[in-house]
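# Architecture at a glance
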Amino acid sequence: MTGVSKAVEDTNRRMLRARDAMDRAYAEPLDVPSLARVAHVSEAHFIRTFRATFGETPHRYLQRRRVERAMLMLRETDRSVTEICLAVGFTSLGTFSRTFRDVVGESPTQHRARGPLAIAPTCFTKAWVRPSSFGEAST
Amino acid sequence: MLNSISITQIYVLDQDEALDFYVGKLGFEIGTDQDLGFMRWLTVRVPGAPDREVLLERPGPPSLDPATAEQVRELVAKGATGGHLFLTTDDAHQTYATLKERGVELTEEPTERPYGIDFGLRDPFGNHVRIAQTHR
């Protein structure tokens, strides 16, 4: 194994740790400095490296994680849109609605009208229901 | 036709470290640990459940060419190779507390699901493990 490869492995593992932190603590006010600390890298390095590793910025990943949680709550609960917005970590209804529409392609209310989801192990639902950054959701 | 699933495989980046983790921390027991000359055949299983083992395989030559092995290692480290293990327990909260005490990298706290209570963790390499206390 080369030194370069070992370095990539270490970096990947750190980025995964930061991504896990977003999956776990999505509802908290996560910011780049705290995530960079989880990954043990500088802030500038963190954003660039995360993107190189997972194909999107940490900010975008966190948005999708929050929106995915919101999508589920909209369809599985009768909590209000404002409650859900706050519960998944957004602090403004305007930002939430705009981000939701941008990511999902429809408003929270329109999404709610789709009704309940089929049951699958939650960790897989989380990974597969998460709205995509990679284009296929727009078809 | 078929009877059972007897062995499934995941990639680990270091077999000694894998043993420390799966046996030392998660409480698996060794099924087989044998040097076959060309590879170390290393399986673990849950005590009391001998019918199903997990093969802890190290990616590397000659099974994989060096460049491919490097790619696999890098993918394992970013959690992208799959091979998720779904384990069960009688008490998710107690097991979570025990694993926390042992310094396991826990990724999700015990959470109520339609099928029971489960939580998540990573092995040292990036593999994803879930432990569920399922409704009977």
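Quick look at the structure, then. (Residues numbered from 1 in each chain as written. Chains lettered and ligands numbered in written order. Predicted model: local features only at pLDDT ≥ 70, side-chain atom pairs only at ≥ 80, totals over all residues. Heavy atoms only, no water.)

## As for the interface of chain A and chain B
Note the threshold: Residues are treated as being in contact if the distance between any of their heavy atoms lies within 4.5 Å. Throughout, buried area stands for the accessible area (probe radius 1.4 Å) lost by two parts on being put together, summed over both. A pair is scored as a salt bridge if a Lys or Arg side-chain nitrogen falls within 4 Å of a carboxyl oxygen belonging to Asp or Glu. Whenever two N or O atoms come within 3.5 Å, that pair is a polar contact, provided that in protein one can donate a hydrogen and the other can accept it, and provided that, for residues adjacent in sequence, both atoms are side-chain atoms. Numbering of helices and strands runs from the N terminus, with a helix taken as a DSSP run of H or I at least four residues long and a strand as a DSSP run of E at least two residues long.
Taken together, the 20 residues of chain A in the interface contact 23 residues of chain B. Roughly 1800 Å² of surface becomes buried between chain A and chain B when both sides are summed, with 52% attributable to carbon and sulfur atoms. When the buried area of chain A at its contact with chain B is split by residue, A:E9, A:R13 and A:T122 rank highest and sum to 27% of it. If you look at where chain A meets chain B, you find four salt bridges. One salt bridge connects B:E105 with A:R13, and the closest N-O pair in it is separated by 3.0 Å. Summed over the shared surface of chain A and chain B, the number is ten residue pairs in polar contact (both at pLDDT 80 or more). Per element, the largest residue contribution to the side of chain A that touches chain B is ten residues, and it comes from helix α1 (residues 3-25) of chain A.

## Observations regarding the nonpolar core
Here is the rule we go by: The nonpolar core is taken to be a set of buried Ala, Val, Leu, Ile, Met, Phe, Trp, Tyr and Cys residues, with the residues joined through side-chain atoms within 4.5 Å. A simple rule labels every residue: compare its accessible area, found with a 1.4 Å probe on the protein chains alone, to the largest value its type can have, and call it buried under 20%, exposed over 50%, or partly exposed in between.
Among the nonpolar cores identified, the biggest contains 30 residues, and B:Y22, B:L26, B:L56, B:L99, B:F119, B:L121 and B:V129 are the most heavily contacted of them. At the level of secondary structure, the elements contributing two or more residues to this core comprise α1 (15-25), β3 (40-45), β4 (53-57), α2 (66-77), β5 (85-88), α3 (92-101), β7 (116-122) and β8 (128-134) of chain B. For this core, the leading source of residues is α1(B), giving four residues. Once residues within four sequence positions are removed from consideration, B:L121 is found in contact with B:F21, B:L26, B:L99, B:V104, B:E105, B:L106, B:T107, B:N127, B:H128, B:V129 and B:I131. Within the second largest apolar cluster, 28 residues are counted, among which are A:M15, A:L74, A:I84 and A:V103.

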